[in-house]
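# A closer look at the structure
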There are 2 protein chains.
Amino acid sequence: MAKHIGTQSILLTRQVSIIEATSTVGKKEGEGPLRQYFDVVLDDNKDNGSNWEQAESNIVRDNLNLLIKKSGLKKEKINYVITGDLLNQCCGSTYGIRDLNIPFFGVFGACSTFGEALSLGSIIIDGGGGENIIAAASSHFCSAERQFRFPLELGTQRPPTSTYTVTGDGGVMLSANGFGPYVTAVTTGKIVDFGITDANNMGAAMAPAAADVMLHHFKDFNRDPNYYDLIATGDLGYVGKELVIKIMAENGYYLGSNYTDCGIEIFYNKKQDTHSGGSGCACSAVVFSGMLYKKLKTKEINRLLLIPTGALMNTTVIQQGESIAGIAHAVAVENTF
Amino acid sequence: MAKHIGTQSILLTRQVSIIEATSTVGKKEGEGPLRQYFDVVLDDNKDNGSNWEQAESNIVRDNLNLLIKKSGLKKEKINYVITGDLLNQCCGSTYGIRDLNIPFFGVFGACSTFGEALSLGSIIIDGGGGENIIAAASSHFCSAERQFRFPLELGTQRPPTSTYTVTGDGGVMLSANGFGPYVTAVTTGKIVDFGITDANNMGAAMAPAAADVMLHHFKDFNRDPNYYDLIATGDLGYVGKELVIKIMAENGYYLGSNYTDCGIEIFYNKKQDTHSGGSGCACSAVVFSGMLYKKLKTKEINRLLLIPTGALMNTTVIQQGESIAGIAHAVAVENTF
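The following refers to the structure shown. In this numbering scheme, every chain counts its residues from 1 along its sequence in written order. Following the order in which they are written, the chains are lettered starting with A and the ligands numbered starting with 1. pLDDT decides what is reported in this predicted model: residues at 70 or higher carry local features, side-chain atom pairs at 80 or more are listed and counted, and totals for whole chains, interfaces and linings draw on all residues regardless. As a rule here, side-chain values come from all non-hydrogen atoms in the structure, and water together with hydrogens is ignored.

This paragraph deals with unusual backbone geometry. Residues and elements named next belong to chain A. In this structure, the amide linkage connecting G180 to the following residue, P181, adopts the cis form with an omega of 0 degrees. Under the scheme used here, helices are H or I runs from DSSP no shorter than 4 residues and strands are E runs no shorter than 2 residues, and both carry numbers assigned from the N terminus. If you trace the backbone, P181 turns up in the loop between β8 (168-175) and β9 (182-187). Backbone geometry at D47 places phi at a positive 45 degrees, although glycine is not the residue there. Note on placement: D47 falls in the loop between β3 (40-41) and α2 (52-71). Among the residues examined, D47 registers a relative accessible area of 12% and is labelled buried. Although it is not a glycine, N101 adopts a positive phi angle of roughly 65 degrees. Locating N101 in the fold gives a position in the loop between α3 (91-97) and β5 (104-106). Buried, partly exposed and exposed residues are distinguished by accessible area as a fraction of the type maximum, computed with a 1.4 Å probe on protein chains only: under 20%, between the cut-offs, and over 50%, respectively.

In structure tokens form, the structure reads like this:
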């Protein structure tokens, strides 16, 4: 039974193992610095779909089937699949898992979705509500651009603050039975809105939420940033990362070289022309399921604080003049329980 | 710690009380047969918003603040708010709970969202992951019509199979401390897709999913429909309800007068010209938080099986020729634990 800590955290008291992780990414992500860590790199981002939404669903379907296969679990042994994406009504997930035949909880936390799925899955297993749970998230550059900004065919120029939505799906198999790495603690985020109205500056919209949940995490557990070998926010990019460092310093927490952002890790920024960095639900999902999980397994890092970050943006509401609300969820993953 | 039962159900072993429930509805819902059961009936569905999306958020905000007030709990004692709606990126919820300052899990299950929130909240409390959790869902006729079908200004004629999206928000406070009614069992649904492609025939798209989860619930617990004083699906309307009765009969389960659908209960169908009945996330949420919760409290009914039903419809994907995937979640609410 979870132990409530401080204002908004819980310490897990049952072993919640991440027994397997799989990642599938698009062509561009495969040309980036993390290529070696991904299970599948697509040659063609259409992935045999006849449109971008179908492509995203195909990526979800194939990546989660690979996850199930690699985990060695029979489908009947998997209690829930918890997943979501950026598309309206989370249709990337819906059609992706349609044939899985596993009880489904759909979640939406914009680009924090992987953190939300990981948190919920871990809390449920910790409390005995499940033995094996899939937590995952996906996004696709082409489906996201046309839904949130402009169809690619327009060739719209992207400002320097903009980020590049990662194409891919990252998923993990959480289990009550297995070895490390373990999910050890969860700090669930609240909505934080600092009044940003620019749909091309997501980093700035999300940074206050990332800092807020990080501050609560450190305070709740009486930890400082050095407790972790690595702290990784989701998809703040260069602009948002600097803001987080600033806000944290103003609050007396100095983030050093052990702090990075998944959106900065995933691309060769200048060479690949990705402006402020990578973004999208898949950004933290594939960087975790690809690189970070493997670095935990090889003990290159032993204590990770993953903080997927989301800008809860809706085009209609933004056009009506509303600001972009941010949210972030912190999940500690450690090799010792 | 939850007890896993059969293929996809869990029996809760800790008392999960529904200590309070509140419902706010629009003008038309207030003119229906359930008027007396709702906490708030709006005079004007704009609810002081300058557009329909803002109106929905205002309804969410006010209804959940009323819930917190009526529950007598301080906000700091509430671990999570779990809620969602039909709008793209669940923006009705996001802006509605923005100022609540409570850790937030956003969920999307289309019109099954209330069932999903209720299931997740109950599983978390049962496992010790929280003491007090808000589970809720909202929808708004005007924001939903323009997003999913046509702007109201067009005056489009609605076919007889169409349902009428309920305007409102229904929310409950789940707690580890309190008296009945209790959430006693949860059967989580899988995606079921029978190939319906008509966005005006949601009942038919959802009925197979409702029947599927109901069948699994009865089999898992070795119960028959007579175990319950009332079985209430979410928003199948007249068309979908008949289909459920048929599918269940084909499988040897005969639903009698103890079976109803929240979409049929909420309107005077002929007088109010609501065609196949009510629908939307708010349909099961307000019928439960309004009428059914009160009937449980007064012991008019003691055993309820609530099955919110969702059509995971996305306009882009439907226009691309995809079918509408359905999902439903069954939650047993009983006066004795």
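From this point on, the discussion continues.
Take the relation of the copies chain B and chain A next. The operation relating the two chain copies consists of a rotation about an axis and a shift along that axis. Least-squares superposition of the copies uses the C-alpha atoms of those residues scoring a pLDDT of at least 70 in each of them. When chain B is fitted to chain A, the best match, at an RMSD of 0.0 Å, comes from turning it 180 degrees and sliding it 0.0 Å along the axis. Expressed as an axis order, the relation between the two copies is that of a two-fold axis. When C-alpha positions in chain B are compared against the rotation axis, the closest is assigned to B:G127, at 1.7 Å. By definition, residues are in contact when any of their heavy atoms lie within 4.5 Å. Comparing interface residues between copies, 100% of those in chain B also lie at the interface in chain A; the contact surface is shared.

The next subject is the packing of helix α6 (residues 202-221) of chain A against helix α7 (residues 237-250) of chain A. Residues and elements named next belong to chain A. All axes here are fitted lines through C-alpha atoms, helices being fitted over the stretch that makes contact, and every angle between N-to-C directions spans 0 to 180 degrees. Interhelical geometry of α6 versus α7 gives an angle of 40 degrees and a closest axis separation of 8 Å. With respect to their mutual orientation, α6 and α7 come out oblique. Relative to α7, the crossing made by α6 is right-handed. Contact residues: α6 offers G203, A204, A207, P208, A210, A211, M214, L215 and F218, while α7 offers G240, L243, V244, I247 and M248. By the definition adopted for this analysis, an angle is roughly parallel if under 35 degrees, roughly antiparallel if over 145, roughly perpendicular if from 65 to 115, and oblique otherwise. In this scheme the handedness of a crossing depends on how the near helix is turned from the far one: anticlockwise by less than a right angle means left-handed, clockwise means right-handed.

With that settled, consider the packing of aromatic side chains. All names here are of chain A. Pairing of aromatic rings covers Phe, Tyr and Trp, the last through its six-membered ring, and needs centres within 6.5 Å; plane angles under 30 degrees mean stacked, over 60 mean edge-to-face, and all others mean tilted. Inspection of the entire model under this criterion finds 16 aromatic pairs over all chains. Taken together, a centroid distance of 4.8 Å and an interplanar angle of 80 degrees make the contact between Y227 and Y228 edge-to-face. On the basis of relative accessibility, which here comes to 22%, the residue Y227 falls in the partly exposed class. Members of the aromatic cluster, connected to one another through ring pairs, are F114, F288 and Y293.

Attention now moves to the nonpolar core. Only buried Ala, Val, Leu, Ile, Met, Phe, Trp, Tyr and Cys residues count toward a nonpolar core, and they belong to the same one when joined by side-chain atoms within 4.5 Å. Formed by 231 residues in total, the largest nonpolar core has its most connected members in A:F288 and B:F288. If near-sequence neighbours (up to four positions away) are discounted, B:F288 is found in contact with B:I18, B:F114, B:V172, B:Y293, B:L296, B:L304, B:L306 and B:V333.

If you look at the interface, chain B gives 58 residues, while chain A gives 58 residues. Using a 1.4 Å probe, buried area is obtained as the accessible area two parts lose upon being combined, added over both of them. Here chain B meets chain A over a buried area of about 4,900 Å², counting both sides, of which 59% is carbon and sulfur. Of all residues in chain B, B:Q89, B:Y95 and B:R98 give up the largest surface area on contact with chain A, accounting jointly for 15% of the area buried on that side. Salt bridge, as applied in this entry: a Lys or Arg side-chain nitrogen positioned within 4 Å of an Asp or Glu carboxyl oxygen. At the boundary of chain B with chain A, the tally comes to four salt bridges. Between B:D193 and A:R98 there is a salt bridge whose closest N-O contact spans 2.6 Å. Distance and chemistry together define a polar contact, namely a pair of N or O atoms within 3.5 Å, with one atom able to donate a hydrogen and the other to accept it when in protein, and with adjacent residues in sequence counting only for side-chain atoms on both sides. Where chain B touches chain A, the interface holds 31 residue pairs in polar contact (both at pLDDT 80 or more). Elements represented by at least two residues in the side of chain B that touches chain A include exactly β2 (9-25), α3 (91-97), β5 (104-106), α4 (113-126), α5 (141-148), α11 (315-319) and β15 (325-328) of chain B. Among the elements that make up the side of chain B that touches chain A, the one with the highest residue count is α4(B) (five residues).

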